[in-house]
Amino acid sequence: MTSNNKKESLVYLALWTILFIAPVLSIYIHHATNGAEHTLPWNELWYVWKQYLVFLVAFLIHNYLLAPLLVYYRRHLLYATAIIALLGAFIVVQCAQKPDITGHRHGPHEMMDRHHPMDKEHDRPPFDDFDRPAPPDGTDRPAPPDGFDRPAPPDNDNPTFNDTPPAIVGQHDVVATIIFILMIGMNLGIKYYFRQSHDRERLATLERENLEQQLEYLKYQINPHFLMNTLNNIHALVDIDPEQAKETIVELSKIMRFVLYEGSKQKVPLRQEIIFLDNYIQLMSMRVAEQVDITVDIPQVMPDREIPPLMLITFVENAFKHGVSYRQKSFIDIAIHINGERLLFLCRNSKVPQGEDHHGGVGLPNVKRRLELIYGSNYTLDIKDEADTYTVDLTLPLD
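Residues numbered from 1 in each chain as written. Predicted model: local features only at pLDDT ≥ 70, side-chain atom pairs only at ≥ 80, totals over all residues. Heavy atoms only, no water.

1. Brief notes about the packing of helix H6 (residues 242-261) against helix H7 (residues 270-285)
Working step 1: Here H6 crosses H7 at 155°, and the two axes come no closer than 10 Å. Taken together, the axis directions place H6 and H7 in an arrangement best described as roughly antiparallel. In the packing of H6 onto H7, the handedness of the crossing is left-handed. Listed contacts from H7 to Thr248, Glu251, Leu252, Ile255, Phe258 and Val259 of H6 are Gln272, Glu273, Phe276, Asn279, Tyr280 and Leu283.
Working step 2: Here the residues of the contact of H6 with H7 sort into 7 nonpolar, 3 polar and 2 charged. (Axes fitted to C-alpha atoms, helices over the stretch in contact; angles between N-to-C directions. Helix = DSSP H or I, 4+ residues; strand = E, 2+ residues; numbered from the N terminus. Parallel < 35°, antiparallel > 145°, perpendicular 65-115°, else oblique. Left-handed = near helix turned anticlockwise from the far one by under 90°. Contact = heavy atoms within 4.5 Å. Nonpolar A, V, L, I, M, F, W, Y, C, P; charged D, E, K, R; others polar.)

Now the structure itself:
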């Protein structure tokens, strides 16, 4: 049973519990108000509860058998047929209830009047039997005083005074039918409410799963792209300085360990991400010429915060791939600062004219998509592609 089903069942349980307790509370309050003994009329209560049981059985049939046909399975015709049959059975049961001695079926609202009749001492005005005038027929029975004449007993032979049987469908049955229809409407309204709540939760779950799949797909694309660029750099070092190439391969193994074991996580400590980034910068600095000016400004002490892995590496590897020249002076400036709850990242590099857009490809579009999926609008990314320089200014919230 899902959480929504449990909540729905608790709502029904609370409503029906209140309904069955209400007559008991009504009698208790009436007794307390009139100073009467706190003795519950169990016969009257059982009579009222039997009326409620008919509604409860009808509700259970509708809630567990009929309502799902409409709310969950969209079987409109079958539901309409079933609800008409249930309504007909309910009316038959109501009309078949045995009337009491007064010839009608009491409802719960009549219980108090029947249980608390008028006190006999106050049911008639007091008078003294000795002051009553003698009856006109000469009998010893005193006649009531003027104004208090009792009607003569009915003549059984006179059809005017014969009791007539109650109607097949009375006012009580009409009221019960209206209550039944309102109960069905309430049941459908509650079910539709919890159905929409379940649909919203399911949609949110699907969106979250889809988001996670997209992020995994983007990270799997970034990792080969990063590895390809790094291996190209090592390949260039093999011809220039074989010993340095060997050291670079060792450093690469450390970097790839982070990519393999930490890159699959949702968040990593900020300190680990910065160390990984610094190792990569040092690795790439081994193969650049002396005329390339590399400036790195990274704080030594990092707050205990987290960041998505491999979020900054794309900008740095693009700077080394497209901002380094062996023929002219070039530069790469990388700075990371912590401002309260936000991380400020700045990467600025010279542009080497090669006749094509060097900042396209897989890496940059994927990192932009990751930023949108993870942070929504709670980040800023400002990229300035000028004539001689390329600047990335990124601000991220820290978790």
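2. Brief notes about helix H3 (residues 76-95)
Working step 1: Between the first and last C-alpha of H3 there are 29 Å, a value that for 20 residues agrees with the 28 Å anticipated at 1.5 Å per step.
Working step 2: Buried residues of H3: Tyr79, Ala82, Ile83, Leu86, Phe90 and Gln94, and no others. Within H3, the buried residues cover an arc of 110° as seen down the axis, which keeps them to one side. Every exposed residue of H3 that faces more than 90 degrees away from the buried side is listed here: Leu77, Ile84 and Val92. (Expected span 1.5 Å × (residues − 1). Buried < 20%, exposed > 50% of the residue type's maximum accessible area, 1.4 Å probe, protein only. Arc of directions from axis to C-beta.)

3. Here we look at the pairing of strand S7 (residues 389-397)
Working step 1: Counting buried positions over the 9 residues of S7 gives 8, a clear majority of the element.
Working step 2: Inspection of the sheet shows strand S5 (residues 342-350) paired to S7 by 9 bridges, in the antiparallel sense. By the bridge assignment for S7, serine 350 is matched with threonine 389.
Working step 3: Note: strand S6 (residues 380-385) against S7, 6 bridges, orientation antiparallel. Following the sheet pairing, isoleucine 383 is matched in S7 by valine 392.
Working step 4: Here S6 folds back onto S7, and the loop between the two strands holds 3 residues. (Pairing = 2+ DSSP bridges.)

4. Considerations on the sheet that holds strand S4 (residues 330-339)
Hydrogen bonds along the backbone pair up the strands of a sheet, which may run parallel or antiparallel.
Working step 1: Strand order in the open sheet formed by 5 strands is S2-S4-S5-S7-S6, and the pairing between neighbours is mixed. The open sheet has two edge strands, strand S2 (292-297) and S6, and neither has a second partner. On average, each strand axis in the sheet is tilted by 5° relative to the strand beside it, whichever way the strands run.

5. Let's talk about the packing of H7 against helix H8 (residues 313-322)
Working step 1: H8 packs onto H7 with a crossing angle of 10° between their chain directions and a minimal axis gap of 11 Å. Regarding the angle of H7 to H8, the classification is roughly parallel. Each of Phe276, Leu277, Tyr280, Ile281, Met284 and Ser285 in H7 lies in contact with H8, whose residues at this interface are Ile313, Val316, Glu317 and Phe320.
Working step 2: The residue inventory of the contact of H7 with H8, partitioned by class, reads 8 nonpolar, 1 polar and 1 charged.

6. Remarks on a nonpolar patch on the surface
Working step 1: Together, Val57, Leu60, Ile61, Tyr64 and Leu65 give the surface a local cluster of nonpolar side chains, amounting to about 470 Å² of exposed area.
Working step 2: Relative accessible area serves as the criterion here: at 56%, leucine 65 is assigned to the exposed category. (Patch = residues over 30% accessible without salt bridge, like charges linked within 9 Å, V, L, I, M, F, W, Y side chains within 5 Å. Areas by Shrake-Rupley, 256 points an atom, 1.4 Å probe, with all protein chains shown as cover. Salt bridge = Lys/Arg side-chain N within 4 Å of Asp/Glu carboxyl O.)

7. Some words on the nonpolar core
Working step 1: Phe320 and Phe345 are the most contacted members of the largest nonpolar core, which has 45 residues in total.
Working step 2: Looking at this core, the elements with two or more residues in it are H6, H7, H8, S4, S5, helix H9 (363-375) and S7.
Working step 3: Of all the elements, H7 adds the most residues to this core, at 8 residues.
Working step 4: The residues touching phenylalanine 320, leaving out its near neighbours within four places in the chain, are Tyr280, Ile281, Met284, Ser285, Val288, Ile294 and Ile332.
Working step 5: Leu86, Phe90, Phe180 and Ile184 belong to the second largest nonpolar core, which has 26 residues in total. (Core = buried A, V, L, I, M, F, W, Y, C linked by side-chain atoms within 4.5 Å.)

8. A short note on unusual backbone geometry
Working step 1: The backbone of arginine 74 sits at a positive phi, close to 60°, despite the residue not being glycine.
Working step 2: Following the sequence through the fold, arginine 74 ends up in the loop between helix H2 (42-71) and H3.
Working step 3: A positive phi angle, near 60°, is found at leucine 310, a position not held by glycine.
Working step 4: Within the fold, leucine 310 resides in the loop between strand S3 (306-307) and H8.

Honestly, it's all geometry; don't read function into it.
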